[in-house]
Amino acid sequence: MSQSESQNQNSPSQMIDERISELGDWRGTMLSLLRAWIKQADPEVVEEWKWRGVPVWAHHGMICTGETYKSVVKLTFAKGASLDDPSGLFNSSLDGNTRRAIDVHEGETIDEGALKALIRAAVTLNTSRARGKTKSRG
């Protein structure tokens, strides 16, 4: 069985596990840590695997993606421009009208509390929009 065939049979969570393992360096360690914090911030988060290999975390809509590049781990928040970021974690994709991202480079640390607050704010935003859609249909 080829790797792509085995991936088709694995859950998104298993595919994220595999990605972390495949990276085998600081990026895998960082992605694993960020993933753990996302799950702690929102125990109901749903893990997805999209666009040929991008981990996605969702709750009533997309919260963020976890992309890995040669020199950065990037958390892109789908509706980041609508979120308050009092700790200034967003440091990438700042010019857009919708998304915001956090680029983490090797050796950098990220404020766990601030990240969890952003995750919770994104969930709150998604949930409030989901409720608004339900109410407007009634």
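For the structure itself, consult the block above.
Definitions and limits used
Residues numbered from 1 in each chain as written. Predicted model: local features only at pLDDT ≥ 70, side-chain atom pairs only at ≥ 80, totals over all residues. Heavy atoms only, no water. Helix = DSSP H or I, 4+ residues; strand = E, 2+ residues; numbered from the N terminus. Buried < 20%, exposed > 50% of the residue type's maximum accessible area, 1.4 Å probe, protein only. Contact = heavy atoms within 4.5 Å. Areas by Shrake-Rupley, 256 points an atom, 1.4 Å probe, with all protein chains shown as cover. Pairing = 2+ DSSP bridges. Salt bridge = Lys/Arg side-chain N within 4 Å of Asp/Glu carboxyl O.

Asker: What exactly am I supposed to notice about the overall build of the protein chain here?
Answerer: When its secondary structure is counted, the protein chain shows four helices and five strands. Listed N to C, the secondary structure of the protein chain is α-α-α-β-β-β-β-β-α in terms of helices and strands. The buried share of the protein chain, reckoned over its 138 residues, is 43%. Long-range pairs, those at least 24 residues apart, make up 47% of the contacts in the protein chain between residues at least 6 apart in sequence. Of the accessible surface of the protein chain, which amounts to about 7900 Å², a share of 46% is contributed by carbon and sulfur atoms.

Asker: Would you mind showing me how to read the pairing of strand 1 (residues 46–50) here?
Answerer: Only one face of strand 1 is covered, namely the one carrying Glu47 and Trp49; the face carrying Val46, Glu48 and Lys50 has none of its residues buried. Pairing analysis gives five bridges linking strand 1 to strand 2 (residues 54–58), with the strands arranged antiparallel. Pairing of lysine 50 across the sheet is with valine 54, part of strand 2. Counted along the chain from strand 1 to the antiparallel partner strand 2, the turn is three residues long, and its residue tryptophan 51 has a positive phi close to 50°.

Asker: How should the side chain of threonine 68 be read in this particular structure?
Answerer: Its location among the elements puts threonine 68 in strand 3 (residues 62–68). Not counting chain neighbours up to four residues away, the residues in contact with threonine 68 comprise Arg19, Leu23, Leu31 and Val73.

Asker: Help me understand the pattern of salt bridges in this model?
Answerer: Pairing is possible between side chains that carry opposite charge, provided their charged atoms lie close to one another. Summed over the entire model, instances satisfying the criterion amount to eight salt bridges. Between glutamate 47 and lysine 39 there is a salt bridge, and its shortest N-O distance comes to 4.0 Å. Among the residues examined, lysine 39 registers a relative accessible area of 37% and is labelled partly exposed. A salt bridge links lysine 50 to glutamate 48; the nearest nitrogen and oxygen atoms lie 3.3 Å apart. Overall, the relative accessible area of 23% leaves glutamate 48 in the partly exposed class. Shared partners join several salt bridges into a network, and the residues in it are Asp17, Arg35, Lys39 and Glu47.

Asker: Would you mind going over the environment of lysine 39 with me for this structure?
Answerer: Residue position: lysine 39 is located in helix 3 (residues 26–41). On a C-alpha basis, the gap between lysine 39 and isoleucine 119 in space is 9.3 Å, while along the polypeptide they are 80 residues apart. The residues touching lysine 39, leaving out its near neighbours within four places in the chain, are Val45 and Glu47.

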